[in-house]
Amino acid sequence: MRVALLPGDGIGPEVAAAASQVLRELPLDLELEEHPFGGAAIRVTGDPLPPETLAAARAADAVLLGAVGAPEFDGAPVRPEQGLIRLRGELDVYANLRPARADHVDLLVVRELVGGLYYGARGVRDDGTVFDTMEYRPDQIERIARRGLELATTRRGHVTSVDKANVLDTSRLWRATVERLAPDYPGVTVEHMLVDNCGLQLVIAPERFDVILTENTFGDILSDVAAGRTGGLGLAGSASLGDGRPGIFEPVHGSAPDIAGRGIANPAAMLRSAALMLAHGLGEPDLGARLETAVDGALATAPTPDLGGRATTTEFVEAVLRELRP
Ligand code: NAD
Ligand code: IPM
Ligand code: MN
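Residues numbered from 1 in each chain as written. Chains lettered and ligands numbered in written order. Predicted model: local features only at pLDDT ≥ 70, side-chain atom pairs only at ≥ 80, totals over all residues. Heavy atoms only, no water.

Attention shifts here to helix H6 (residues 169-181). End to end, H6 covers 19 Å across 13 residues, agreeing with the expected 18 Å (1.5 Å per residue, within 8%). Regarding H6, the residues found buried are Thr-170, Ser-171, Trp-174, Thr-177, Val-178 and Leu-181. Seen end-on, H6 carries its buried residues on one side only, within an arc spanning 125°. (Helix = DSSP H or I, 4+ residues; strand = E, 2+ residues; numbered from the N terminus. Expected span 1.5 Å × (residues − 1). Buried < 20%, exposed > 50% of the residue type's maximum accessible area, 1.4 Å probe, protein only. Arc of directions from axis to C-beta.)

So this is what it looks like as C-alpha cells:
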C-alpha cells in the first residue's frame, strides 16, 4: 500500500514524523513517500501544490497530511492554504469526517468539503467591493447528505443537519434535500438546527449530538468548537473521503506557528488521523482500532503541554510505541 505523506508547515512536519515513526512499527506493508506541500513547497517551487505532489497524491492509496500555513504568507498572492483547498477539490474528497470524543460526548461532524464559500465565484468589482459566494449544486448536497445519513446508521442513528435556512437560499436547498432523502434511512432520526444555535449547543450540551451534518464553512467552525469541548485541537483527527481512493487524512488543527519548532506539539490528532486512514482509507479497521487504543493509552500516561502535561512530542510517540508492543 502506498501513502503520500505531505508534512507541510509549522508543526506539520513534527506530527508527520511522529505518524511515520508509528506507522512503520505496525504489521503492514506500507510505502510512505514524502512530498513538498504548502508553504514548504512555495519556497522551493512557487506553488503550494506542485504537479509532482498532486500526481503522487492521485497515485497513492491514501494521503496523510500534516498542516499548512505560515505567517510569512499571510496576505501574499500565493498562499499555502490554496494548495490544500485545491488538493481537496482535485481528489473530490467531499465528505470530511471529524469525530470528537470525551467523557459523555461522542459526536461526528460530517462536513461538506469541496463546495460552498471555499469554491464559489469570487472577485473584486470596479467600486472595490470584494465578494466570495456560497454556491451549492443539488447533487453536491445530495451526496454529502447521503453520506451523513449512512454514517448515522453505523452509530446512534441521529442526524442534526445544520444550516442557516432562516437567511440563506443555499441552506433552504440543503434542508429540503436532507428532508427528501431522510425517508430512505428509516432507522435514522433527523433534526434541523440553525448554525448559531448549534455553536451554543456544542458549548453547553455537546452530549446531545450524534452526527452533525453541515456545509463547508459551518463545518470548519463547528468542528473547532467540538474539538475545544473534547480536549482541544491536539486531539482532533479527520478523514476526507470521496467515492473511492485516495482519501486525505489530516488533523483538524493548523500549523500552530506559536509552538512550532519547540518539540511540544501533540501528535495525537495526527495519529488519530492515521488511525482513520487505516480504517477508512486502507481497509485495515483492526489496525486502526489498535492505534486508536494505543493513542488513548499514551494520552493517559504521557500528556503533552496542551493537555496540562509535560511530555514532548517524542515522549508521546515513545508512549504510543510502548502501548503498541504486545
Ligand atoms: P491552529 O490550529 O494552527 O492553532 C490554534 C491553537 O491550537 C494554537 O494555540 C496552537 O498552538 C494550538 N494547537 C493546534 N494544534 C496543536 C497540537 N497538535 N498540539 C498542541 N497545540 C496545538 O490555528 P491558527 O493558529 O488559527 O492557524 C495557524 C495556521 O494554520 C494558519 O496559517 C492557518 O491557515 C493554518 N491552518 C491550517 C489547517 C490545515 O492545514 N488543515 C487547519 C487550520 C489552520
Ligand atoms: C481546516 C482548515 C482549512 C479549512 C484551511 C487551512 C483552508 O481550517 O482544515 O479546518 O478551512 O478547511
Ligand atoms: Mn479549520
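Time to look at the site of ligand 2. Ligand 2 sits among Glu-81, Ile-85, Arg-88, Arg-98, Arg-111, Tyr-118, Asp-220 and Val-252. Between Arg-98 and ligand 2, the recorded distance is 2.9 Å, taken from a side-chain N or O atom to an oxygen atom. Tyr-118 has a polar side-chain atom sitting 2.5 Å from an oxygen atom of ligand 2. When ligand 2 is considered free in solution it has 320 Å² of accessible area, and contact with the protein chains removes 80% of it. The greatest single-element share of the shell around ligand 2, amounting to three residues, is contributed by helix H4 (residues 80-91). For the shell around ligand 2, the class distribution of residues is three nonpolar, no polar and five charged. (Near = heavy atom within 4 Å. Polar contact = N/O pair within 3.5 Å; in protein donor to acceptor, adjacent residues only side chain to side chain. Areas by Shrake-Rupley, 256 points an atom, 1.4 Å probe, with all protein chains shown as cover. Nonpolar A, V, L, I, M, F, W, Y, C, P; charged D, E, K, R; others polar.)

Within strand S1 (residues 2-8), six of the seven residues are buried, which leaves it mostly tucked inside the rest of the structure. In this structure, S1 lies alongside strand S2 (residues 31-34), joined through four bridges in parallel fashion. Looking at the pairing, Val-3 lines up with Leu-32 of S2. Considered for its hand, the β-α-β crossover made up of S1, helix H1 (residues 12-25) and S2 is right-handed. As paired strands, S1 and strand S3 (residues 62-67) are joined by five bridges and run parallel to one another. The residue bridging Leu-6 from the neighbouring strand is Leu-65, located in S3. (Pairing = 2+ DSSP bridges. Right-handed = clockwise from strand over helix to strand, strands pointing away.)

This brings us to the pattern of salt bridges. Throughout the structure, instances matching the rule amount to 22 salt bridges. We note a salt bridge from Arg-86 to Asp-47, for which the minimum N-O separation is 3.5 Å. Of this pair, Arg-86 sits in helix H4 while Asp-47 is found in the loop between helix H2 (39-45) and helix H3 (51-59), placing the two residues 39 residues apart along the sequence. One salt bridge connects Arg-155 with Asp-210, and the closest N-O pair in it is separated by 2.8 Å. Within this pair, whereas Arg-155 is found in the loop between helix H5 (138-153) and strand S8 (158-163), its partner Asp-210 is found in the loop between helix H7 (195-204) and strand S10 (211-214), the two being separated by 55 residues in sequence. (Salt bridge = Lys/Arg side-chain N within 4 Å of Asp/Glu carboxyl O.)

We now examine the nonpolar core. Judged by nonpolar contacts, the single largest core of 64 residues is most densely connected at Leu-23, Leu-64 and Val-320. The dominant element in this core, judged by the number of residues it contributes, is helix H9 (residues 268-281), at eight residues. The contacts of Leu-23, once residues within four sequence positions are left out, are Leu-30, Leu-32, Leu-64, Ala-274, Met-277 and Leu-278. Among the nonpolar cores identified, the runner-up in size contains 16 residues, and Ala-60, Leu-84, Leu-87 and Leu-91 belong to it. (Core = buried A, V, L, I, M, F, W, Y, C linked by side-chain atoms within 4.5 Å. Contact = heavy atoms within 4.5 Å.)

For the rest of this paragraph, the subject is the environment of Val-159. Here Val-159 is to be found in strand S8. Exposure remark for Val-159: the relative accessible area of 0% places this residue in the buried category. Leave out the neighbours within four places in its chain, and Val-159 touches Gly-148, Leu-149, Ala-152, Val-188, Thr-189, Val-190, Glu-191, Val-211 and Leu-213.

Taken together, 21 residues form the shell around ligand 1, and within it Glu-81, Gly-254, Ala-256, Asp-258 and Asn-266 come nearest. Contacts to ligand 1 include Val-68, whose backbone N or O atom sits 2.9 Å from an oxygen atom. Here Glu-250 contributes a side-chain N or O atom positioned 3.1 Å from a nitrogen atom of ligand 1. Protein coverage of the free-state accessible area of ligand 1, which is 800 Å², stands at 68%.

Quick look at the sheet that holds S1 now. In space, the ten strands of this open sheet follow the order S2-S1-S3-S12-S11-S4-S5-S10-S8-S9, with mixed pairing throughout. Across the chains shown, the open sheet's two edge strands, defined by having one partner strand only, are S2 and strand S9 (189-194). Neighbour-to-neighbour, the strand axes of this sheet turn through a mean angle of 25°, independent of strand direction. With respect to the sheet, H5 is in contact with strand S4 (95-102), strand S5 (105-112), S8, S9, S10 and strand S11 (239-241), its orientation differing from that of S5 by roughly 160°. Taken strand by strand, H9 contacts S1, S3, S4, S11 and strand S12 (247-249), and its axis lies near 165° from that of S3. (Axes fitted to C-alpha atoms, helices over the stretch in contact; angles between N-to-C directions.)

Coordinates in, geometry out; function isn't part of it.
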